[in-house]
Amino acid sequence: MKNTERKLTFAANWKMNHGVAEARAFAEKFLALTSSSDGLKLWFFPPAVSIAALAAALKNRPDITVGAQNVHWEPRGAYTGAISIPMVIEAGARLTLVGHSERRHLFGETDEQVARKTRAALAAGITPLVCVGETLSERDGGRTEQVIVRQIGAVLQALEVEAWREVVLAYEPVWAIGTGKNATPDDAAQIHELIRMELGRSGVSFPVPILYGGSVNAGNVASLLTQPQLDGVLVGGASLDPAGWADVIARGSQAKVRPSGGFDVVES
Ligand code: 13P
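Before going into details, it helps to say that this report is about the structure given with it.

What counts, and where the lines are drawn
Residues numbered from 1 in each chain as written. Predicted model: local features only at pLDDT ≥ 70, side-chain atom pairs only at ≥ 80, totals over all residues. Heavy atoms only, no water. Salt bridge = Lys/Arg side-chain N within 4 Å of Asp/Glu carboxyl O. Buried < 20%, exposed > 50% of the residue type's maximum accessible area, 1.4 Å probe, protein only. Near = heavy atom within 4 Å. Polar contact = N/O pair within 3.5 Å; in protein donor to acceptor, adjacent residues only side chain to side chain. Nonpolar A, V, L, I, M, F, W, Y, C, P; charged D, E, K, R; others polar. Helix = DSSP H or I, 4+ residues; strand = E, 2+ residues; numbered from the N terminus. Pairing = 2+ DSSP bridges. Axes fitted to C-alpha atoms, helices over the stretch in contact; angles between N-to-C directions. Contact = heavy atoms within 4.5 Å. Phe/Tyr/Trp six-rings, centres within 6.5 Å; stacked < 30°, edge-to-face > 60°. Parallel < 35°, antiparallel > 145°, perpendicular 65-115°, else oblique. Left-handed = near helix turned anticlockwise from the far one by under 90°. Right-handed = clockwise from strand over helix to strand, strands pointing away.

1. What about the pattern of salt bridges?
If you walk through the whole model with that rule in mind, you get 13 salt bridges. For Glu109, the salt bridge identified is with Arg103, shortest N-O distance 3.5 Å. Overall, the relative accessible area of 8% leaves Glu109 in the buried class. Residue Arg165 pairs with Glu162 through a salt bridge whose shortest N-O separation is 2.8 Å. Look at Arg165 and you get partly exposed, because its relative accessible area is 49%. For Glu162, a relative accessible area of 49% translates into the label partly exposed.

Listed below in structure tokens is the structure:
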């Protein structure tokens, strides 16, 4: 690839969908529809029980990485129902979502737990994809910035500056998740800028990739990715069908970055 092109990430969060048989069937169809591209990173977050099957089915594609949707920060112990980082690594995961809004809001995960999980993932050598985002009432109350700064701040407190080289962030406004309402490209870009400023103020002077998530689909992915502040997308519903997901990736990877943007180049 030319070094002026950016390496976009297309991350599929299947949430509580696609058990082992469905994950294998997805992989078979998806592999038939797509070929490896060194210009893209394709990430899949299946339910934990499907990690091993999916990782095995996709192992010949160097552009694809499989991750967990959630992990515990302890490596083992009496935590019924929880899954540790060494376990997901053994199953084939090299990434993990941390602090997805459904974990925060449906399961009561705190900023402090998000920070512990992030630190544990880094210590174990897998990439944490840390999610932040405001709810509708926080947005309507004019508290978007405050919430994002608080969520990022908890992770900043827990990590050394250098550790951020291995972190990826996702901005997922809660009001946009599964609702069909996506943030406008400009709104998303503005929050990505805010996050970068916040990181910069804490001494993180190198670029940390930030994905956008929330009702991304084949119809809006290209316009979102015209924003140079977006390094990719994190997608739920529109990632569940292999043909539909291949279409989102194809359309998104055609997006032309606005010339005004200062997106940093990819070396290859
Ligand atoms: P949807 O794409 O279904 O809105 O979900 C977004 C999301 O939560 C991805 O993590």
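2. Re the site of the ligand
Taken together, 13 residues lie near the ligand, and Lys15, His100, Gly178, Ser215 and Gly236 sit nearest. The separation between an oxygen atom of the ligand and a polar side-chain atom of Lys15 is 2.8 Å. The separation between an oxygen atom of the ligand and a polar main-chain atom of Gly237 is 2.9 Å. A breakdown of the residues in the shell around the ligand according to their chemical character gives 4 nonpolar, 7 polar and 2 charged.

3. Quick look at the pairing of strand 8 (residues 232-235)
Where burial is concerned, the two faces of strand 8 agree: the one with Gly232 and Leu234 and the one with Val233 and Val235 are both buried. Bridge count between strand 1 (residues 8-13) and strand 8: 4 bridges; the pairing is parallel. Counted as the bridge partner of Ala11 is Leu234 from strand 8. Across 2 bridges, the pairing between strand 7 (residues 210-213) and strand 8 is parallel. Of the residues in strand 8, the one forming a bridge with Gly213 is Leu234.

4. Details of the sheet that holds strand 4 (residues 95-98)
In spatial order, the strands read 1-2-3-4-5-6-7-8; together these 8 strands close into a barrel with parallel pairing. If you compare each strand with its neighbour and ignore which way they point, the axes differ by 25° on average. Relative to the sheet, helix 10 (residues 242-252) contacts strand 1, strand 2 (40-45) and strand 8, its axis offset from that of strand 1 by approximately 160°.

5. Side note on the packing of aromatic side chains
Here the structure, examined in full by the defined rule, presents 7 aromatic pairs. Note on Trp14 and Phe44: the rings are 5.7 Å apart at their centroids and 65° apart in plane angle, and the pair reads as edge-to-face. Here Phe44 lies in strand 2 and Trp14 lies in the loop between strand 1 and helix 1 (20-33), a separation of 30 residues in the sequence. Consider the rings of Phe26 and Phe44, whose centres lie 5.7 Å apart with planes at 75°: the pair is edge-to-face. You can see Phe26 sitting in helix 1 and its partner Phe44 sitting in strand 2, a full 18 residues away along the chain. Phe44 carries the same exposure label as Phe26, and that label is buried. An aromatic cluster is defined as three or more aromatic residues linked by ring pairs; in this entry it consists of Trp14, Phe26, Phe30 and Phe44.

6. Things to note about the packing of helix 7 (residues 144-158) against helix 8 (residues 185-201)
Viewed as axis vectors pointing N to C, helix 7 and helix 8 meet at an angle of 40°, and their least axial separation amounts to 10 Å. What the angle tells us is that helix 7 and helix 8 run oblique. When the axes of helix 7 and helix 8 are compared, the crossing they make is right-handed. Note on element contacts: helix 8 touches helix 7 through Ile191, Leu194, Ile195, Glu198 and Leu199, opposite Thr144, Glu145, Ile148, Val149, Ile152 and Leu156. Of the residues that constitute the contact of helix 7 with helix 8, the class distribution is 8 nonpolar, 1 polar and 2 charged.

7. Overview of unusual backbone geometry
Phi is positive for Lys15, close to 50°, though the residue is something other than glycine. Mapped onto the elements, Lys15 comes out in the loop between strand 1 and helix 1.

8. Brief notes about the pairing of strand 3 (residues 64-68)
The buried fraction of strand 3 is high, at 4 of 5 residues. Sheet topology places strand 2 next to strand 3; 3 bridges connect them, and they run parallel. Bridge pairing links Phe44 to Val66 in strand 3. Handedness of the crossover is the feature at issue here: the chain leaves strand 2, passes through helix 2 (residues 51-57), returns alongside strand 3, and the resulting connection is right-handed. For strand 3 and strand 4, the ladder comprises 2 bridges, and the chain directions are parallel. When the sheet's bridge partners are listed, Ala68 is paired in strand 4 with Thr96.

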